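Residues per chain are reported as follows:
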Amino acid sequence: MVTLQALFRAIAQAKDEQSLRLHISAQIREYFSATRCGLFLFAQTPLVDSKIQKALQIALSPQYNPVARYLIERHAPVHEALVVEPKTWKLICPRADHWHVMAGPIVSAGQLVGVVGFTRKQGMPAFDLQNLTDLSALCLHISTWVATANSQQPLLQTERLTPREAQIASLVAQGRTNAEISAELWITENSVKQALKRMFRKLKVSSRTQMVAKLSTVLK
């Protein structure tokens, strides 16, 4: 039988995102008796098929999904019954294997950087308050793991950039295109372009190469 303490230890022992998924995905699904379980770190999730990418963007859209809106606004675990009536939820998500859903936030530097999501199929009991309480504890440990993992990586940081701009700069340094950055950070490609323009002005540079070089110099 999987326990919360065992899950806490598994999270702490994960060496990277891949091992985090491998070590805890099956265990968390079993703990919450879920049909499906997914862990998404927005800035580190690899690019996927365009159809799947579009489906994910719709599923996590606050305009479309009240569960996603609750996560974005409150940074707190939620299940569908907290935000909509059952009939309304069935219109939003009619899939039999998503009859009940629960999601929890992964937070870093005051921002929502990921989500842990669960579903139960039709005929299974709904998620309850105890499930939310336990998920809150797990999200705390995962968020702490993310913060620790990020602090151990050579991130491009400068006091002149916002946390979002620093994320974009880090991805630029990895050679990512605007389209790839847009997909990884769940923002529009135009938002990436506008952010880069602001960053160029702040840093007084005229190219991506100059920006990366200047930020790298700041770190030395």
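The shown structure was predicted, so the numbers you read here are calculated from the model rather than taken from an experiment.

Trainee: Tell me about the packing of aromatic side chains, and please be specific about residues and values.
Mentor: Two measures describe an aromatic ring pair: the distance that separates the ring centres and the angle between the ring planes. For the structure on display, the rule yields 2 aromatic pairs. Each ring, one from Y31 and one from F32, has its centre 5.1 Å from the other, and the planes form 85°; the classification is edge-to-face. A relative accessible area of 24% means that Y31 is categorised as partly exposed. Under the relative-accessibility criterion, F32 is labelled buried at 1%. On the numbers, 4.8 Å between centres and 55° between planes, the contact of F32 with F118 is tilted. Taken together, the positions of F32 in the loop between α2 (17-31) and β1 (36-41) and F118 in strand β4 (residues 111-120) put the pair 86 residues apart, joining distant regions of the chain. The same class applies to F32 as to F118, namely buried. An aromatic cluster is defined as three or more aromatic residues linked by ring pairs; in this entry it consists of Y31, F32 and F118. Positioned over the ring face of W99 is K90, at 4.7 Å from the centre of the ring.

Trainee: For the pattern of salt bridges, give the residues involved together with the corresponding values.
Mentor: Across all of its chains, the model carries 5 salt bridges by this definition. Note that D97 is salt-bridged to R95, the shortest N-O span being 2.7 Å. Between E165 and R198 there is a salt bridge, with its nearest N and O atoms 3.5 Å apart. With E165 in helix α7 (residues 163-173) and R198 in helix α9 (residues 189-203), this pair connects stretches of sequence that are 33 residues apart. What emerges from the salt-bridge pattern is a single network uniting R36, R95 and D97.

Trainee: Give me the nonpolar core: which residues, what numbers.
Mentor: I24, L39, I106, F118, L138, I142 and W145 are the most contacted members of the largest nonpolar core, which totals 28 residues. Of all elements in the fold, only α1 (4-13), α2, β1, β3 (100-108), β4 and α6 (129-151) reach the threshold of two or more residues within this core. Take this core: its biggest share by element is 8 residues, from α6. Filtering out sequence-adjacent residues up to four positions away, L138 remains in contact with L4, L7, F8, I11, I28 and F32.

The rules behind these values
- Residues numbered from 1 in each chain as written.
- Predicted model: local features only at pLDDT ≥ 70, side-chain atom pairs only at ≥ 80, totals over all residues.
- Heavy atoms only, no water.
- Phe/Tyr/Trp six-rings, centres within 6.5 Å; stacked < 30°, edge-to-face > 60°.
- Buried < 20%, exposed > 50% of the residue type's maximum accessible area, 1.4 Å probe, protein only.
- Helix = DSSP H or I, 4+ residues; strand = E, 2+ residues; numbered from the N terminus.
- Lys NZ or Arg CZ within 6 Å of the ring centre and 35° of its normal.
- Salt bridge = Lys/Arg side-chain N within 4 Å of Asp/Glu carboxyl O.
- Core = buried A, V, L, I, M, F, W, Y, C linked by side-chain atoms within 4.5 Å.
- Contact = heavy atoms within 4.5 Å.

Spatial relationships are all this shows, so hold off on functional conclusions.
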